[in-house]
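Fold and contact review
The residues making up each chain are set out below.
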Amino acid sequence: MVFKKLCFLLLAILIISCSKNPYAYKIGILQIAEDPTLDSGRAGIIKTLNENGFVEGNQISINYRNAQGDISNAIQILQSFNNDKLDLILTLGTPCAVAAAQLIKDIPVVYSVAFSPEQMGVKHVPPNITGCYDPLDIENLIKLMKEITPNLKKVGNIYNTSEPNAEYGAKRLVNESKNQGIELIQVPVASSNDVQQAARTVIGKDVDVIVIVADNIVYLGIAPLVKLANDNKIPLFVSDPIQVEKGALAGVGNDYYQWGVESGKIAVRILNGELVSNLPAKALTNYVF
């Protein structure tokens, strides 16, 4: 009798253990490219999840994917996330946020290190999408350039045409330059391999400074740009202060790690049961210089 009871108990334990999901929540993280700034944002997200009890291998499982700078890869990854019926999707990079707003309708999505889909012209953002975005403080960026270069008259800008965030930044720069009476010379590039030649073109226009705004592709190719700018004694400004560590003179923008922390806080609230529709997107305006 005791043996029979023991067998039933072991069978019950086996059934429970086999049927129980080892993780309470399945999370997908999509990053647009290999980049230290995006990596920093992702680290902030994961740290915030951990500090709030959502630890990978315990309460959550994380499927991290990188689109390697290719929007078609990002779309395929999001479709895979959608088919896997994840509990939450986190995106890093504006192209991923825009693609998620267009493709994901039923799974909560939190975007980070990005402009908002609304800034990118997405007219009907579904209620399952929220996150933290950069309003883009071009006015203070130009103010900083004027403080460092008092006789500023001509600004050179290199931007890539493959990312909506870069196009948006370039357009904002056009408008603010007009408002402040600054001549703007813009040179588009198709990849980071084109940055060096574009830099030579801009420098040949006798610009007073060079500025890069919200541009992952150009930032990937910033090393030759820094060298050419230094060789020609032209200040290089950025909207991404972390690029100062790579040789840019100065910048105005968000702390990417903290950006991830703030996005992680939204993710925690969703995992704790709050509705995405009750969590409006948050503008990050605590800029660092």
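Residues numbered from 1 in each chain as written. Predicted model: local features only at pLDDT ≥ 70, side-chain atom pairs only at ≥ 80, totals over all residues. Heavy atoms only, no water.

A look at a nonpolar patch on the surface
On the surface, a nonpolar cluster with roughly 200 Å² of combined accessible area is contributed by I71, I75 and L103. Tracing the sequence through the fold places I75 in helix α3 (residues 71-83). Residue I75 is classed as partly exposed on the basis of its relative accessible area of 32%. (Patch = residues over 30% accessible without salt bridge, like charges linked within 9 Å, V, L, I, M, F, W, Y side chains within 5 Å. Areas by Shrake-Rupley, 256 points an atom, 1.4 Å probe, with all protein chains shown as cover. Salt bridge = Lys/Arg side-chain N within 4 Å of Asp/Glu carboxyl O. Helix = DSSP H or I, 4+ residues; strand = E, 2+ residues; numbered from the N terminus. Buried < 20%, exposed > 50% of the residue type's maximum accessible area, 1.4 Å probe, protein only.)

Observations concerning the side chain of K154
When you line up the elements, K154 lands in strand β6 (residues 154-160). E183 provides the closest opposite charge to the buried, salt-bridge-free K154, at an N-O distance of 4.3 Å. One polar contact links the side chain of K154 to the main-chain carbonyl oxygen of K205, over a distance of 3.0 Å. Those residues in contact with K154 that sit more than four places away from it in its chain are E183, I185, K205, D206, V207, D208 and V209. (Lys, Arg positive; Asp, Glu negative; His and termini not counted. Polar contact = N/O pair within 3.5 Å; in protein donor to acceptor, adjacent residues only side chain to side chain. Contact = heavy atoms within 4.5 Å.)

Some thoughts on the packing of aromatic side chains
According to the stated counting rule, one finds 3 aromatic pairs in the structure shown. Here the aromatic rings of Y25 and F54 are separated by 6.0 Å at their centres, their planes lie at 65°, and the arrangement is edge-to-face. With a gap of 29 residues between them, Y25 in strand β1 (residues 25-31) and F54 in the loop between α2 (36-51) and β2 (60-66) connect regions that are remote in the sequence. Note on Y256 and W259: the rings are 5.5 Å apart at their centroids and 35° apart in plane angle, and the pair reads as tilted. Of the two residues, Y256 and W259 are both situated in helix α10 (residues 256-271); the distance of 3 residues between them amounts to about one turn of the helix. As far as the burial class goes, Y256 and W259 line up, both buried. Lying across the ring of Y64, R42 places its NZ or CZ 4.1 Å from the centre. (Phe/Tyr/Trp six-rings, centres within 6.5 Å; stacked < 30°, edge-to-face > 60°. Lys NZ or Arg CZ within 6 Å of the ring centre and 35° of its normal.)

Things to note about the packing of helix α5 (residues 138-148) against helix α6 (residues 164-179)
It is the contact of α5 with α6, at a shortest axis distance of 10 Å, that shows an interaxial angle of 60°. On the basis of their axis angle, the class for α5 and α6 is oblique. In this structure, α5 crosses over α6, and the sense of that crossing is right-handed. Note on element contacts: α6 touches α5 through R172, L173, E176 and S177, opposite I138, E139 and I142. Considered class by class, the residues forming the contact of α5 with α6 number 3 nonpolar, 1 polar and 3 charged. (Axes fitted to C-alpha atoms, helices over the stretch in contact; angles between N-to-C directions. Parallel < 35°, antiparallel > 145°, perpendicular 65-115°, else oblique. Left-handed = near helix turned anticlockwise from the far one by under 90°. Nonpolar A, V, L, I, M, F, W, Y, C, P; charged D, E, K, R; others polar.)

A word on the nonpolar core
Counting 44 residues, the largest nonpolar core has I27, L30, L49, L78, L88, I89 and L90 as the members making the most contacts within it. Among the elements that take part in this core, α10 stands out by supplying 7 residues, more than any other. Residues contacting L30, with those up to four places away along its chain left out, are R65, A67, A74, I77, L78, F81, L90, T91, L92 and C96. Grouped together as the second largest cluster of nonpolar side chains are 24 residues, F115, M120, I138 and V211 included. (Core = buried A, V, L, I, M, F, W, Y, C linked by side-chain atoms within 4.5 Å.)

Details of the environment of I77
Here I77 shows up in helix α3. For I77, a relative accessible area of 4% gives the class buried. Counting along the chain gives 19 residues from I77 to C96, while the straight-line C-alpha distance between them is 9.8 Å. When sequence neighbours within four positions are dropped, the list of residues in contact with I77 reads L30, R65, N66 and A67.

What to know about the side chain of E163
One can find E163 in the loop between β6 and α6. Each residue touching E163, except ones within four places of it in the same chain, is listed here: P95, D215, N216 and I217.

So, the pattern of salt bridges
If you walk through the whole model with that rule in mind, you get 6 salt bridges. The salt bridge involving E51 is made with K47; its shortest N-O contact spans 2.3 Å. Of the two residues, E51 and K47 both sit in helix α2, 4 residues apart, roughly one turn of that helix. On the accessibility criterion, K47 (38% relative accessible area) is partly exposed.

Examining the pairing of strand β4 (residues 109-114)
The buried fraction of β4 is high, at 6 of 6 residues. As paired strands, strand β3 (residues 88-92) and β4 are joined by 4 bridges and run parallel to one another. In the sheet register, L92 faces β4, and the bridge partner there is S112. Read from β3 through helix α4 (residues 94-103) to β4, the crossover connection turns out right-handed. Two elements, β4 and strand β5 (residues 129-133), share 4 bridges in a ladder whose sense is parallel. Residue pairing in the sheet places V110 in a bridge with T130 of β5. (Pairing = 2+ DSSP bridges. Right-handed = clockwise from strand over helix to strand, strands pointing away.)

Looking at the sheet that holds β5
The strand order β2-β1-β3-β4-β5-β11 describes an open sheet built from 6 strands, whose pairing is parallel. Bordering the open sheet on either side are β2 and β11 (282-283), each of which pairs with just one other strand. Its contacts with the sheet put α2 on β1, β2, β3 and β4, and the angle it makes with β1 is roughly 165°. The strands that α3 touches are β1, β2 and β3; relative to β1, the one it contacts most, it runs at about 175°.

By themselves, these are just geometric observations and shouldn't be taken as functional.
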